[in-house]
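Summary of structural features
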Amino acid sequence: MGLSGMVRRSGCGAWRGFLGWAGILVVPALLLAACSTSTINAALPEDAGAETATSFARLVDIGHGRTMYLQCHGSGSPTVVLVPGLVAAADTWSYVTGPGGDRKPSSSAVYPGVGRFTRVCSYDRPGTVRENGKFTTSTTVAQPTTSRGDAADLHALLKAAKVPGPYVLAGWSAGGPIVRVYAGEYPHEVSGLVLVDAESEFLQSRLTPGQFATFLALIRNDDKKRIAQWKDVERQNPATVFGQVRAAPPVPKIPVVVLTGDEFDADAFRARLPAHAPADFPQVFWRAQRASQRDLARQFPGAQHITKTHSDHNIQNNRPQLVTDAVREVVEKARRRAEGTPSSS
């Protein structure tokens, strides 16, 4: 979940602001009208689009009357699965932030970049929203959802689509707890993790109970704004998420890279706070967030923790090559392990 709040910029995709802790706010209708059809189509294949020998983008039947959108391309093993943050859809991994702050689809984005050296997939969870403001075609479910339920959905989706393992899971923001729960629940299927400014349960312990209550009030404010536009939009309770991560089986000893955002807009964050919040709460939150990321990285012996990202929460859009390189590093370590070659992790 995002850190710095909504950024009001011009251009297609820019309305999304920061996801996760920050959430998506209402989409200006004129902004959507200005987004060209060709740009949107370049970033998101049609659900029933044509398949090739190595790529597809379609709805997959996962049983129980539900379908989920999945897109994959490239070849090689392990398969990288890109798990978006709260409310974000698969196409967030296909966009980059331009010099003016606008987001646009690009061949230098993470999804196409990873597909150049291995198989890569991403998907829409129920209740997510694509970069053009359109609601996902994945079947809606009761909200809020949980990390454990989302991990079970991802497992069902990969099996139903016959996506070959093992998997390197890359989770951004709220995707972080999902991939950690998945790795604990299905340890023999996962060969590596990349955590991209991932939610950390240590945020709760780094805040006092009163401070955490203020944070939860901020999340409820964000939820109300999203629900006003998308009735079935994805929601989560951070306290529930953190509790499930703590209770989940441990992640096996696999290669892990943790990337942490190092830029924070205190004014944008303050604008989302309830009226009763202390004046210094943005600074209090930011200190706790940074500490919680250090705590998170320590959970994985031998993990690489990249803290100089020169990015806010949206590292995958702002610094796509940094994320792609982290994924490549984990993929290469996983391959060496599979071949029985000694590795440093």
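See the structure shown above.
All of the points below concern the structure found in this document. (Residues numbered from 1 in each chain as written. Predicted model: local features only at pLDDT ≥ 70, side-chain atom pairs only at ≥ 80, totals over all residues. Heavy atoms only, no water.)

Thoughts on the sheet that holds strand S7 (residues 167-172)
- Judged by pairing direction, the sheet is mixed, and its eight strands sit side by side in the order S1-S2-S6-S3-S7-S8-S9-S10 without closing on themselves. Lying at the two open borders of the sheet, with one neighbouring strand each, are strand S1 (56-63) and strand S10 (304-306). With strand direction ignored, the average angle separating the axes of adjacent strands in the sheet is 20°.
- Each of strand S8 (190-196), strand S9 (256-259) and S10 touches helix H10 (residues 281-298); the most contacted strand, S9, lies at about 175° to it.
- Packing of helix H12 (residues 320-339) onto the sheet brings it into contact with strand S3 (79-83), S7, S8, S9 and S10, and relative to S8 it is tilted by some 160°. (Pairing = 2+ DSSP bridges. Helix = DSSP H or I, 4+ residues; strand = E, 2+ residues; numbered from the N terminus. Axes fitted to C-alpha atoms, helices over the stretch in contact; angles between N-to-C directions. Contact = heavy atoms within 4.5 Å.)

Quick notes on the side chain of Asp-295
- Relative to the elements of secondary structure, Asp-295 occurs in helix H10.
- For Asp-295, a relative accessible area of 10% puts it in the buried group.
- Only 3.0 Å separates the side chain of Asp-295 from the side chain of Arg-298, close enough to count as a polar contact.
- Aside from chain neighbours lying at most four places away, what touches Asp-295 is Phe-202 and Arg-206. (Buried < 20%, exposed > 50% of the residue type's maximum accessible area, 1.4 Å probe, protein only. Polar contact = N/O pair within 3.5 Å; in protein donor to acceptor, adjacent residues only side chain to side chain.)

Re the nonpolar core
- Ranked by size, the top nonpolar core spans 51 residues in total, and within it Leu-70, Tyr-123, Val-163, Leu-169, Tyr-182, Leu-193 and Phe-215 carry the most contacts.
- It is H10 that contributes the most residues to this core, six residues altogether.
- Residues in contact with Tyr-182, not counting those within four places in the same chain, are Ala-151, Leu-154, His-155, Leu-158, Tyr-167, Leu-169, Glu-189 and Val-190.
- Val-194, Leu-259, Val-331 and Ala-334 belong to the second largest nonpolar core, which has 25 residues in total. (Core = buried A, V, L, I, M, F, W, Y, C linked by side-chain atoms within 4.5 Å.)

Quick look at the state of the cysteines
- Tallied over the full model, the rule gives one disulfide.
- Disulfide pairing is shown between Cys-72 and Cys-121; the S-S distance is 2.1 Å. Judged by the sign of its S-S torsion, about 110°, the cystine formed by Cys-72 and Cys-121 is right-handed. With Cys-72 in strand S2 (residues 66-73) and Cys-121 in strand S6 (residues 120-123), this residue pair connects regions lying 49 residues apart in the sequence.
- For Cys-72, a relative accessible area of 1% translates into the label buried.
- A relative accessible area of 0% places Cys-121 in the buried class. (Disulfide = S-S within 2.5 Å.)

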